[in-house]
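# An overview of the molecular structure
Each chain, letter by letter, is given below.
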Amino acid sequence: MNSDHPNRASTDQHSLEQQTFTVTTPLYYANALPHIGSAYTTIAADVIARFHRLQNHAVLMITGTDEHGQKIQRTAESLGRDPQSYCDEIVPGFTHLWHQLNIQYDRFIRTTASPHHAIVKEFFYRVWDRGDIYLGQQKGWYCVACEEFKEERDLLEQHHCAIHPKRQAEWRDEQNYFFRLSNYQERLEALYQEQPNFIQPDIRRNEVLSFVSQGLRDFSISRVGLECGFPVPIDPSHTIYVWFDALLGYITALLDPDVEPTLENALAKWYPINLHLIGKDILRFHAVYWPAMLMAAELPLPQRVFGHGFLTKDGVKMGKSSGNTIDPVQLVDRYGSDAVRYYFMKEIEFGRDGDFNETRFIHILNADLANDLGNLLNRTLKMAYRYCEGRVPNISGADIPDDNVLKAIGADLGDRVARHYYALAFHQVGDAALSLIKMGNKFVDDQAPWALYKQGEQQAVEQVIYAVLESVRLVAYLLSPIVPNLSNAIYQQLGFAVDFNAQHRHPQTLSDVSTPFVIHANWGILPANQALGDPQPIFQRLELPITA
Ligand code: MSP
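Quick summary incoming for the structure in this document. Because the structure is a prediction, the values reported are computed rather than measured.

### Concerning the site of the ligand
Taken together, 21 residues lie near the ligand, and Leu-27, Asp-66, Gly-279, Asp-281 and Leu-311 sit nearest. Gly-279 is positioned with one of its backbone polar atoms (N or O) 2.8 Å from an oxygen atom of the ligand. Contact between the ligand and Met-318: a nitrogen atom at 3.0 Å from a main-chain N or O atom of the residue. Out of a free accessible area of 670 Å², the ligand has 92% covered by protein chains. Of all the secondary-structure elements, those providing two or more residues to the shell around the ligand are strand S1 (20–29), helix H7 (242–252) and strand S12 (275–279).

### Observations regarding the packing of aromatic side chains
What characterises a pair of aromatic rings is the spacing of the ring centres plus the angle enclosed by the ring planes. Overall, the coordinates contain 36 aromatic pairs when judged by the stated rule. Geometrically, the ring pair formed by Phe-51 and Tyr-421 is stacked, given 4.5 Å between the ring centres and 20° between the ring planes. Linking Phe-51 in helix H1 (residues 36–54) with Tyr-421 in helix H14 (residues 413–422), this pair joins segments that are 370 residues apart in sequence. There is no split in this pair, since Phe-51 and Tyr-421 are both buried. Ring centres 4.7 Å apart and planes at 40° place the aromatic pair Tyr-491 and Phe-496 in the tilted group. The pair Tyr-491 / Phe-496 is uniform in exposure class, with both members buried. Cluster of aromatic residues (ring-pair linked, three or more members): Tyr-40, Phe-51, Phe-306, Tyr-335, Tyr-343, Phe-344, Phe-350, Phe-356, Phe-361, Tyr-421, Tyr-422 and Phe-426. Here the guanidinium or amino end of Arg-284 rests over the ring plane of Phe-211, the centre of that ring lying 3.8 Å away.

Cut-offs and rules
Residues numbered from 1 in each chain as written. Predicted model: local features only at pLDDT ≥ 70, side-chain atom pairs only at ≥ 80, totals over all residues. Heavy atoms only, no water. Near = heavy atom within 4 Å. Polar contact = N/O pair within 3.5 Å; in protein donor to acceptor, adjacent residues only side chain to side chain. Areas by Shrake-Rupley, 256 points an atom, 1.4 Å probe, with all protein chains shown as cover. Helix = DSSP H or I, 4+ residues; strand = E, 2+ residues; numbered from the N terminus. Phe/Tyr/Trp six-rings, centres within 6.5 Å; stacked < 30°, edge-to-face > 60°. Buried < 20%, exposed > 50% of the residue type's maximum accessible area, 1.4 Å probe, protein only. Lys NZ or Arg CZ within 6 Å of the ring centre and 35° of its normal.

Right under this line is the structure:
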């Protein structure tokens, strides 16, 4: 059953039937170590995967590496290496970074793996048998960095690529096998009309509609004189085009380990894919070529393709050619995984380009996590120790009047945040959650529980403390897909024995005694009298490095 629809994060929605949710990152070229652009998509995929796990969905998160094509072959050759051993050395750089960033992926597919070869072969024959592949003559400008033929009109002066302005496209005139994309013009247009959410956000959808409306041309799916790739099954003098092969990696990744690598097995449980997360530069492959390939093979289509923007540094697009990439490993080493995850999710509207600036990075984290969230928890916990013997006050959420400002905001916060997650509006998740925290700080200042205590207003003091602790708890729960370690620290200080990272291994174990964990999305569930942990800062203020 498909789960990519907003549903209310409340108990009545907690169905016993487990929904599945399959999400992919692009399969990154293994020609170089990952940079922050790769980390960006992978963090977003992990966040949405974790959100679905919180909803008790069965989740499969797919990532991996693309290890074929001219780009890899040339990089390896320039270093005097063979492509396979070169990729073998690069791949741990990806898996290491994903662990550092606390990414809970389920499948890591390498396109050189032998089960993938079997899937590509079977798929090729399926399309061949239906008559959508033929031999023809390919003439055109090829950008090796994009691994794509370019229309003359899309190139800059002297045939330089618009995406890689320092690279010149190369002229090719050779026999290739072609995929009959032109056969699918109408069906693709119908798809975009009937499923308006197939391509998101709107700006990307419009780009695709405009591209398709110019008329689709068949594209070549083989290369000659290229070793790095699988041979074309019907003609081994040709190598399968890297994109035709790589897109199928999403299907290979669905295979359970140790099963026979057939399409039937691959499609049995996790197909169709709910969400492909990609950068805007590879939209055409995912929103045009890929659905057409699947139509040709008579397979169901993915539900949604979301093309996010580019990261820039101090205003300039980040890329190896500009020499302004940020090393994600260093960034996580210096600031920790939650800080990096939070900044990119909260500060950049997913879908638009976004900037990285270290001063701003530090400012945002200190303001939101150390000051607003961290201080609110810390000051309130200390009051709970002073006025309530280190326990949650002996009241329940229902005892707090409905016009309590925190209860009023908290009442539908879980629903609102869930909608933002479904829409992949991660910055709005952050804004909505932080609004409750800001109100919490104001509420404490306004209510001045220390004064109420002196006046002997114990009941009022307890209501303030309960309302604030419960609000911090709710925010920790709702932000846990983004900052799981921080949420763990908050939950522990509130007296829960919960590990948000464990849900990946034990999806059902986060049940709180008698209630399913999803109920934690509601305001008012903090157990009365629960013993609290020691108040400790949950987020250390960050300092700018001296060299920055
Ligand atoms: N191998 C193909 C994908 C095949 S998927 C079946 C590929 N790999 S890539 O390594 O070049 O790019 C992977 C992703 O990184 C793309 O989605 C691309 O948009 C993203 N990014 C590369 N530079 C980026 C930024 N500066 N900012 C954000 N993402 C960027 O394409």
